[in-house]
Amino acid sequence: MSAPYLLYYWPTIQGRGEFVRLALEEAGADYQDVARLPERKGKRQGMSALLACLDGDATAQVAYAPPVLGHGELLLAQTPNILFYLGKQLGLAPRAEAGRLWLNQLQLTMADWLTEVHDTHHPLSMGQYYEDQAAAAALRSADFRATRLPKFLDYFTQVLANNGSRGSFLVGAKLTYGDLSLFQMMAGLRYAFPQAMERLAPRYPALSDLHDSVAARPNIARYLKSKRRLPFSEEGIFRHYPELDG
């Protein structure tokens, strides 16, 4: 399909859309970050186009929430679902079905991990400000740093060690979208919990090496230096509150 990829995501934060952006950027794909484009009459771009994806009166395949990917007549939501599609399209997934399903399983595990990161600063309610649940966030973050974070890091270290193919990738002998997503998880955690991640770093050299090797890939390196890469902030999923980083 020769049509450009259309990414619908909030224009001012990395969020879950960043996992999709990294795949598109690594592949050098022709894509538009739709909500970042100015509103133009008669053009499907800007925030109005994003909101249309969430409007059941505007589209039959309405998405619950962004990110949403448009490609020709396709309109896909949910980050792992989008990446499952892009993996085959962009050559960022194994050819064999078993490998693609294993990679999807890993991506779904990262989605669970990402939810736990979010819940460190919003453990009670999405509708409340962080300041209104700071005490609960401190308790949740302490448990996350002590038990949940090492458990996820241990798991993905084991996945890397179990991959018998040449190279240092999650699945097979070449980079997949899973490696790009794991890079984003590591980068975000280093931003949100710099002290905790620094203490844990000596236990997980393979994860640090994967992060650094992805960051050094030519297309990713250019992207990270560009204005297309939004900075981490306290509006996204990965947020740095010093009091949560004990």
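What counts and how
- In this convention, every chain numbers its residues from 1, walking through the sequence in written order.
- Only residues with pLDDT of at least 70 get local features here, since the model is predicted, and only at 80 or more are side-chain atom pairs given and counted; chain-wide, interface and lining totals rely on the full set of residues.
- For side-chain calculations, the full set of non-hydrogen atoms in the structure is used, while hydrogens and water are omitted.
- Stacked, tilted and edge-to-face pairs are distinguished by plane angle, under 30 degrees for stacked and over 60 for edge-to-face with tilted covering the rest, among Phe, Tyr and Trp rings (Trp via its six-membered ring) whose centres lie within 6.5 Å.
- Labels follow the DSSP assignment, with helices taken as runs of H or I lasting at least four residues and strands as runs of E lasting at least two, numbered in each case from the N terminus.
- Exposure is judged per residue with a 1.4 Å probe applied to protein chains only, and the accessible area is read against the type maximum: over 50% gives exposed, under 20% gives buried, and values in between give partly exposed.
- Two strands qualify as a pair provided that DSSP identifies no fewer than 2 bridges between them.
- Two residues form a contact once any of their heavy atoms are found within 4.5 Å.
- As used in this structure description, the phrase polar contact means that two N or O atoms lie within 3.5 Å; if the pair is within protein, one of them must be able to donate a hydrogen and the other to accept it, and residues adjacent in sequence are counted only when both atoms belong to side chains.
- For helices, the fitted axis covers only the stretch in contact; all axes are lines through C-alpha atoms, and the angles between them, taken along N-to-C directions, range from 0 to 180 degrees.
- We call two directions roughly parallel when the angle between them is under 35 degrees, roughly antiparallel when it is over 145, roughly perpendicular when it lies between 65 and 115, and oblique otherwise.
- Crossings are sorted by hand: turned counterclockwise from the far helix by less than a right angle, the near helix makes the crossing left-handed, and turned clockwise it makes it right-handed.
- Under this grouping Gly is polar, as are all residues other than the nonpolar Ala, Val, Leu, Ile, Met, Phe, Trp, Tyr, Cys and Pro and the charged Asp, Glu, Lys and Arg.
- Nonpolar cores are built from buried Ala, Val, Leu, Ile, Met, Phe, Trp, Tyr and Cys residues. Side-chain atoms within 4.5 Å join them into one set.

As for the packing of aromatic side chains
Line of reasoning, step 1. All told, the structure shown has 7 aromatic pairs when counted by the stated rule.
Line of reasoning, step 2. On the numbers, 3.9 Å between centres and 10° between planes, the contact of Y130 with Y241 is stacked. With Y130 in the loop between α4 (97-121) and α5 (134-162) and Y241 in the segment after α9 (218-225), the pair connects residues that are 111 residues apart, well separated along the chain. By the burial criterion, Y130 is buried, and Y241 matches it.
Line of reasoning, step 3. Centroid distance F232 to F238: 5.9 Å. Interplanar angle 85°. Geometry classified as edge-to-face.
Line of reasoning, step 4. The class of F238 is buried, set by a relative accessible area of 5%.
Line of reasoning, step 5. By way of ring pairs, the aromatic residues W113, F152, Y155 and F156 are connected into one cluster.

Description of the pairing of strand β3 (residues 68-71)
Line of reasoning, step 1. Neither face of β3 is exposed, since V68 and G70 on one face and L69 and H71 on the opposite face are all buried.
Line of reasoning, step 2. Bridge analysis of strand β1 (residues 5-8) against β3 gives 4 bridges, and the strand direction is antiparallel. Its bridge partner being in β3, Y5 is matched across the sheet by H71.
Line of reasoning, step 3. Taken together, the 4 bridges between β3 and strand β4 (residues 74-77) define a ladder with antiparallel strand orientation. Bridged to G70 within β4 is L75.

Describing the environment of Q89
Line of reasoning, step 1. With respect to the helices and strands, the residue Q89 is situated in helix α3 (residues 79-90).
Line of reasoning, step 2. For Q89, a relative accessible area of 36% corresponds to the partly exposed category.
Line of reasoning, step 3. Setting aside its immediate chain neighbours within four residues, Q89 contacts Y5 and H71.
Line of reasoning, step 4. Only 3.0 Å separates the side chain of Q89 from the side chain of Y5, close enough to count as a polar contact.

Thoughts on the packing of α4 against α5
Line of reasoning, step 1. Look at α4 against α5: their axes get within 9 Å of each other, and the N-to-C directions meet at 165°. By the angle class used here, α4 and α5 are roughly antiparallel. When you trace α4 past α5, the crossing you get is left-handed. Between α4, through W102, Q105, L106, T109, M110, D112, W113, E116, V117, D119, T120 and H121, and α5, the contact on the second element is made entirely by A137, R140, S141, F144, R148, L149, F152, L153, Y155, F156 and V159.
Line of reasoning, step 2. Residue composition of the contact of α4 with α5, by class: 13 nonpolar, 5 polar and 5 charged.

Some thoughts on the sheet that holds strand β2 (residues 31-33)
Line of reasoning, step 1. Spatially, 4 strands are ordered β2-β1-β3-β4 in an open sheet, and the strand pairing comes out mixed. Whereas interior strands pair on both sides, the edge strands pair on one side only; in this sheet they are β2 and β4. Taken over all neighbouring pairs, the strand axes of this sheet differ in orientation by 20° on average, direction set aside.
Line of reasoning, step 2. Of the pairings in the sheet, the one linking β1 to β2 comprises 3 bridges and is parallel in character. Counterpart to L6 in the pairing with β2 is Q32.
Line of reasoning, step 3. Each of β1, β3 and β4 touches α3; the most contacted strand, β4, lies at about 130° to it.

Digging into the packing of α5 against helix α8 (residues 205-215)
Line of reasoning, step 1. Running from N to C, α5 and α8 point in directions that differ by 75°, and their axes come no closer than 9 Å. Viewed along their axes, α5 and α8 adopt a mutual orientation that is roughly perpendicular. On α8, the residues touching L153, F156, T157 and L160 of α5 are A206, L207 and L210.
Line of reasoning, step 2. The residue inventory of the contact of α5 with α8, partitioned by class, reads 6 nonpolar, 1 polar and no charged.

Observations concerning the nonpolar core
Line of reasoning, step 1. Formed by 48 residues in total, the largest nonpolar core has its most connected members in W113, L153, L170 and L189.
Line of reasoning, step 2. Only α1 (17-26), α4, α5, α6 (177-192), α7 (194-200), α8 and α9 provide two or more residues apiece to this core.
Line of reasoning, step 3. It is α6 that contributes the most residues to this core, 9 residues altogether.
Line of reasoning, step 4. When near neighbours in sequence (up to four residues on either side) are disregarded, L170 contacts W102, L106, M110, F156, V159, L160, N163, G178, D179 and L182.
Line of reasoning, step 5. One finds Y5, A29, L69 and Y85 within the second-largest nonpolar core, a separate group that totals 11 residues.

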